[in-house]
Every structure is written in structure tokens, then in C-alpha cells.
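Chains, contacts and geometry: an overview
The primary structure of each chain is shown beneath.
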Amino acid sequence: MLTNKTIVLGITGGIAAYKAVDIASKLTQAGANVRVIMTKSALEFITPLTFESITGNAVVTDMFQTNAEHRINHVALSEIADVIVIAPATANIIARIACGMADDMLACTVLATKAPVIISPSMHTNMYENSITQENIAKLKERGFTIIEPSAGRLASGGYGIGRLPDTEVIIGAIQQTLGKSGNLKGKRIVVTAGGTQEDIDPVRYIGNRSSGKMGYAIAEAARDRGANVTLITTPTALAIPEGIKTVTVRSALQMKDVVVKATAKADVLLMAAAVADYTPKTTAKQKIKKGAGGLTLELVKTPDIISEVKGKFLKIGFAAETQNLLANAKKKLASKGLDMIVANDVTSKGSGFGTDTNKVTLISKDGKQESLPLMSKREVAEKLMDRVGKMIGKKR
Ligand code: PMT
């Protein structure tokens, strides 16, 4: 996805400048050609040598650089960029860009480019909330710039508030989303479920399962990065909420069903990777159940089978998590649940299934076509699925 993309990374003078090292490093590892531009103030916080070592490219710090090896035409980077991202972006660079200034290499590159520009503001809360900064941000949004909302937390000044640079994953997520806008799922509305449902026994205990949400999140991100409008319906997980994806958190199977029904009213695809409880306690105790002398018997009742019950013209893709007779059981579910495709998931195979970063699956479509994939990362599985979804959407309409 990022391979061979030229990403111009603008770094301005804020304490979060050190975090840009991680961004540059992860982008480079993902195969991008990262070209760094640092403002004069950024040089007060971190040195170009760090970025040159990480990216393998000369860092531009001055419009009038005379060193022949590093000399660069003042609009050269604006022309080769697939995307420009400024992280961290101070109130100062935001104001200069909003005014159309070109008084240093970074502002000049932004003014001259036709590539999409992403700005990740990072500054003291008062500066961020100042109406001047807010007006400048609103102006840039109106003009098509992508603004990443800063996160809240402890600030360099010692106080707490909004203004921190978000995690690298959020910034890279915004870059991938921007680059994928014209992908094969452009404008398609895709609903993805992830995680394991939690069925309450009492106010402190629930029946759950081992799903980490990794498979569902990987699918949601892969769809986003191909231009889809994604709604992710997730149970609570340890994963970061992905950038650019509408995310709704639910706990029980019943809650998940309600949200899936609403979200699929206008969907093109429903993809259920969530591990949904088949049974739930008949009643939930109002108070914590006390330990008694004997055992405890819980009466369980069936939950709705969400993917079978939700109706509409959209493509329905389910997963089958199996511990035996993988393909036979998956095919039965494909037919009984009325699915267009099922992803048969052997959850006993090494590196596959719950909690792992990898998965081993077989894609089975309702026309009988079957494709067994080798063990691969969950993101790679998600990409294979999205290739299929792209082809299937075309046929369904
Ligand atoms: O989250 P990870 O740790 O990354 O793990 C990924 C995974 C193993 C959870 C995932 O790859 C997977 O296999 N998900 C499906 C788990 C499951 O519930 O399978 P199932 O065979 O019980 O259900 C079949 C399909 O019906 C699933 O798409 C499920 O979402 C759906 N279902 C099940 C029960 C129910 N009441 N309603 C449903 O819609």
C-alpha cells in the first residue's frame, strides 16, 4: 500500500518533533520513499541526521541550500509527492499555510503542491483552542486539507489537555486512507464486525471468548485503504480505534445485532469477523452473585444469529471458526446462514485464529469456488478478502 509512494514529511518546531522519527521509520519500513522537510524551529528540537539515517534521503531545511548534493528546486518535492503530511504541525505553520505564505521550504512546498495534504496539529491546549488557530484549521478543512484531531493527555508544559500528537498508527492510518481514496472499493459502504461479544452474568462477570478483534480491525483498515466508507462494530478490545473509520462499540450479541441492522440499512457489504456468543444468560443478576456452599447453574438462552437474520441486498460474508471438520462445517454455515462467502478459519492450527497476528483461512464462495490461503498476516488475509469483495460487488449489482 505504501510501497513506492513518495511521502513528504514536514516537521515543525514542537516538542513532539521527536515522535516524527517513529513516523519516518515506520513509513520507510513500509516501503515508502520518505522525503523530510524541517522548518528552522524543528532544527532546535531534533537533527536532520536522524531522519537522513532512517529514510536514506537528504533532509531539506532551507530553500536556499547551496550544497550541490542537497540542492533542490523549491517546488521539486511538491511535484513528486503522493501525499504531504505535517506532523507535528505548530500553530505557526498552520497560520502560514492558511494565509498562503511561502516563506520557507515547507510552506512553499504545500502552496505549490497538487498532492493531498494532511496536517496533524500539536501544541499547547490554549494555542490550539484559540479562535485564530481554530479559524485557520476550519479554513484549511474547507479547502480540502485533512486535519488529524490532536489527542488529549499530559502536555510538555506539565498540564493536561488537548494538543498532543496522536500515535504513529493514527497518522499512518490517515496517510493510507488518503492514498487509498481511489481504490477498488471507492465509495462502497462496508460494515465490519470485530471482537468477541460479552454476555453479562452479573454486574462484574460475563461470558466471553478469546477474540482480540485483530482480524476484524485488519479488514476494516484494508477496506478503508481502498476507498471504502467503513463502519466498524466492535466489542471492547485492546486495539486502537482506527483513524478514518466510523467505530461503534457494543458488548452483547443483542447490542451488536441492533447496530448491525442500522448500519447495514445502506450498506454494500456486511463482513462479520466477530466471534458472537450463541448463548446468553437467561437473566442478568442485578447484584454480584455471592459464592455459596454448592455449585452454580446458569440457564442460557439462544442469541439471535445476526448474519442470518439481518436482511438486505448487500453482500454477506461470514467467518467460520472451527476446531474440527473445517471445510464441511464452514460449507454448512455458508448455506444455512445464506451467505455469499464464508472464510473458514481453523482456529487450532499454529499461528491461526484467536489473538494471533497471522491467520490461515480458506475462502469459500456460494458458487462453490474454494481458495486455501497459506498462513499470512491478518492484514494480508484482509487484502485477499478485499480483492474478492471488489470483484463480487461488481457482480451483485
Ligand atoms: O479477533 P481475533 O483474535 O483476530 O480472531 C479472529 C477470529 C478467530 C475471531 C475470526 O477470524 C473468526 O473466525 N470469526 C468468526 C468467529 C465465529 O463466531 O464463528 P462462528 O462459526 O461461531 O460463526 C459463524 C458466523 O456467524 C460468523 O461470521 C459470526 O460472526 C456469525 N454469527 C455467529 C453467531 C451469532 N449469534 N450471530 C452471528 O452473526
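Note that the structure is predicted; figures quoted are calculated from it, not measured.

Notes on the sheet that holds strand β17 (residues 341-346)
Pairing is mixed in the open sheet, where 8 strands are placed in the order β12-β11-β8-β13-β16-β17-β19-β20. The open sheet terminates on both sides in strands that have one partner only, identified here as β12 (246-249) and β20 (370-372). In this sheet, neighbouring strand axes are inclined to one another by 15 degrees on average, regardless of whether the strands run parallel or antiparallel. In this sheet, strand β19 (residues 361-365) lies alongside β17 in antiparallel orientation, the contact comprising 5 bridges. Residue Ala 344 lies in a different strand from β19, and its bridge partner there is Thr 362.

So, the side chain of Asp 340
Topologically, Asp 340 is positioned in the loop between α12 (326-336) and β17. Classification of Asp 340 by relative accessible area gives buried; the value is 7%. A polar contact is formed between the side chain of Asp 340 and the backbone nitrogen of Lys 316, at a distance of 2.8 Å.

Description of the site of the ligand
Near the ligand there are 29 residues, and of these Ser 211, Ser 212, Lys 333, Asn 345 and Gly 355 occur at the shortest range. Thr 303 is positioned such that a nitrogen or oxygen atom in its side chain is 3.4 Å from a nitrogen atom of the ligand. A distance of 2.7 Å is found between an oxygen atom of the ligand and a backbone nitrogen or oxygen belonging to Gly 355. Considering the ligand on its own, with 780 Å² of exposed area, one finds that the protein chains cover 96% of that surface. Only α9 (214-224), α11 (306-309) and β16 (315-322) provide two or more residues apiece to the shell around the ligand. Residue contributions to the shell around the ligand peak at 4 residues, all from β16. Of the residues that constitute the shell around the ligand, the class distribution is 14 nonpolar, 9 polar and 6 charged.

Considering a nonpolar patch on the surface
Taken together, the side chains of Tyr 279, Leu 296, Leu 298 and Leu 300 make up a nonpolar region of the molecular surface, amounting to roughly 390 Å² of accessible area. In this fold, Leu 296 is placed in the loop between β14 (279-281) and β15 (300-302). Note on Leu 296: relative accessible area 60%, which makes it exposed.

What to know about the domain arrangement of the protein chain
One widely used convention gives an interface's size as the accessible area the parts lose upon coming together. What the domain assignment reports for the protein chain is domain 1 (6-179) and domain 2 (189-396). A C-alpha centroid distance of 37 Å is found between domain 1 and domain 2. The interface of domain 1 with domain 2 comprises 6 residues on the first partner and 4 residues on the second. A buried area of about 530 Å², summed over both sides, lies between domain 1 and domain 2, and 50% of it is on carbon and sulfur atoms.

Quick notes on the nonpolar core
Core analysis: the largest hydrophobic core is formed by 34 residues, its most contacted members being Ile 219, Leu 271, Leu 385, Met 386 and Val 389. Counting residues per element, the ones that place at least two in this core are β8 (189-194), α9, β11 (229-234), β13 (269-272), β16, β17, β19 and α13 (378-396). Other than its neighbours up to four places away in sequence, Ile 219 contacts Val 192, Leu 271, Ala 273, Phe 319, Ala 382, Leu 385 and Met 386. In this structure, Val 34, Ile 118, Ile 148 and Ile 171 belong to the second largest nonpolar core, which totals 31 residues.

Structural notes on unusual backbone geometry
Cis peptide bonds are those with omega within 30 degrees of zero, and the linkage from Ala 87 to Pro 88 qualifies with 0 degrees. Inspection of the secondary structure assignment puts Pro 88 in strand β3 (residues 83-89). Although it is not a glycine, Asn 4 adopts a positive phi angle of roughly 65 degrees. In this structure, Asn 4 sits in the segment before β1 (6-11). Overall, Asn 4 belongs to the exposed group, its relative accessible area being 65%. Positive phi, normally seen in glycine, also occurs at Asn 325, with a value near 45 degrees. When you line up the elements, Asn 325 lands in the loop between β16 and α12. The class for Asn 325 is exposed, based on a relative accessible area of 53%.

Section: the pattern of salt bridges
Pairing between side chains of opposite charge can happen when the charged atoms of each approach one another. According to the stated counting rule, one finds 19 salt bridges in the structure shown. The salt bridge involving Arg 96 is made with Asp 104; its shortest N-O contact spans 3.1 Å. Asp 104 matches Arg 96 in its accessibility class, with the two residues each being buried. Among the salt bridges present, the one from Glu 322 reaches Lys 333, with a minimum N-O distance of 2.6 Å. Highlighted residues: Glu 322 in strand β16 and Lys 333 in helix α12, separated in sequence by 11 residues. Of the residues examined, Glu 322 reaches a relative accessible area of 9% and is grouped as buried. A network of salt bridges, in which partner residues are shared, links Arg 224, Asp 225, Arg 226, Arg 379, Glu 383 and Asp 387.

Conventions and cut-offs
- Residues numbered from 1 in each chain as written.
- Predicted model: local features only at pLDDT ≥ 70, side-chain atom pairs only at ≥ 80, totals over all residues.
- Heavy atoms only, no water.
- Pairing = 2+ DSSP bridges.
- Helix = DSSP H or I, 4+ residues; strand = E, 2+ residues; numbered from the N terminus.
- Axes fitted to C-alpha atoms, helices over the stretch in contact; angles between N-to-C directions.
- Buried < 20%, exposed > 50% of the residue type's maximum accessible area, 1.4 Å probe, protein only.
- Polar contact = N/O pair within 3.5 Å; in protein donor to acceptor, adjacent residues only side chain to side chain.
- Near = heavy atom within 4 Å.
- Areas by Shrake-Rupley, 256 points an atom, 1.4 Å probe, with all protein chains shown as cover.
- Nonpolar A, V, L, I, M, F, W, Y, C, P; charged D, E, K, R; others polar.
- Patch = residues over 30% accessible without salt bridge, like charges linked within 9 Å, V, L, I, M, F, W, Y side chains within 5 Å.
- Salt bridge = Lys/Arg side-chain N within 4 Å of Asp/Glu carboxyl O.
- Domains from an automatic or database assignment.
- Contact = heavy atoms within 4.5 Å.
- Buried area = accessible area lost by both parts, 1.4 Å probe.
- Core = buried A, V, L, I, M, F, W, Y, C linked by side-chain atoms within 4.5 Å.

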